[in-house]
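Next come the chains, spelled out residue by residue.
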Amino acid sequence: MQNFHQHNKIFAGNLYPAQKCGKIRLTKSKPVLFFYFEKENRIMILAIDIGNTTVALGGIRDGRVCFVARMDTVRTRTAAEYRAEMDKIFAHRRHPERPMRFEGAVLTSVVPQITGALAECARYYTGKKPVIVSPEIRTGLTMGVPDPHAVGKDRLVDAAYAAANFPLPVITVDLGTATTFNVIRENSVFCGGAIAPGLDMGLGALSERTAQLPRLDLQIPKRIIGRNTEECILSGTIVGMAAMLDGMVQRIEAELGSPATLILTGGAARFVEPLVLHPHIYDPNLLLKGLAFLCERNCAN
């Protein structure tokens, strides 16, 4: 599986060399998984992505992701409780000679219960009202669907950034709690997509709704033909998702009548993208970059 069509993958960092801001350090301390780059200008845009499972925070400058941190999504938390968690995250980055400042904030949410609380946090850290993603803001997209308000805000962000930065038509696939496909035609027309259960959701359902199948963590399978129950589950789930992506993209291209640029992103994408046959770009920070892009389009200063 090691040499499984690696020639079909382009890592987004190779497309944007300026992202290499400095030495990467990784620390783990629940509930935060925290990455940061030590050498960057400390004035950034604060990007907040409120997902069903995690809240992602990103510091973006000039299109570069300077840090990423994640908190658990807890629907009962107040603004003060989220701010306490964010204070812990930012404490890791404080430097007496290079204070970190945010010149603005942008927020997208698929969890309405906590949107207001995190918007309040964003205003606290920036002193400004955050840009909140909706069909009403300037995205650069023409919405070619009957009800633009029914489209997930995270999907709008992925689509807007992809349409502005990659050859059209373009397909984005975000592998998170759900697996979402976005399709953008020429002239940046968002024409819809598809939604499927996410990888972790599928693994959880197998263990919860059967008597003898175990709950497994996500990992790239060693082989396609499993030799025991665990290998069979991983093959069916991970390789099966890669095959589904290839099949869906083939059918989408047939419906479009032309080849499309394929971009993979999302927390679970790293387990699947080495197995995808279709030529693709892997950008784990597509949504955070998209948030910064929308902030710049919609902020007067």
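Structure: see above.
Residues numbered from 1 in each chain as written. Predicted model: local features only at pLDDT ≥ 70, side-chain atom pairs only at ≥ 80, totals over all residues. Heavy atoms only, no water.

## Quick notes on the environment of Leu168
Moving on, step 1. Structurally, the position occupied by Leu168 is in the loop between α4 (153–165) and β10 (170–175).
Moving on, step 2. Taking relative accessible area as the criterion, Leu168 reaches 28% and is therefore assigned partly exposed.
Moving on, step 3. Along the primary structure Leu168 and Asn187 are separated by 19 residues, whereas in three dimensions their C-alpha atoms are 7.9 Å apart.
Moving on, step 4. Setting aside its immediate chain neighbours within four residues, Leu168 contacts Ala163, Ile184, Arg185, Glu186, Asn187 and Ser188. (Helix = DSSP H or I, 4+ residues; strand = E, 2+ residues; numbered from the N terminus. Buried < 20%, exposed > 50% of the residue type's maximum accessible area, 1.4 Å probe, protein only. Contact = heavy atoms within 4.5 Å.)

## Re the nonpolar core
Moving on, step 1. Core analysis: the biggest nonpolar cluster contains 33 residues, and Val106, Val133, Phe166 and Leu291 have the highest contact counts within it.
Moving on, step 2. Counting residues per element, the ones that place at least two in this core are β4 (43–50), β6 (64–72), α4 and α8 (286–298).
Moving on, step 3. Counting residues per element, this core draws most heavily on α8, at eight residues.
Moving on, step 4. Each residue touching Val133, except ones within four places of it in the same chain, is listed here: Val106, Leu107, Thr108, Lys153, Leu156, Val157, Leu291 and Leu294.
Moving on, step 5. Core analysis: the second largest hydrophobic core is formed by 30 residues, Phe181, Ala260, Ala268 and Leu275 among them. (Core = buried A, V, L, I, M, F, W, Y, C linked by side-chain atoms within 4.5 Å.)

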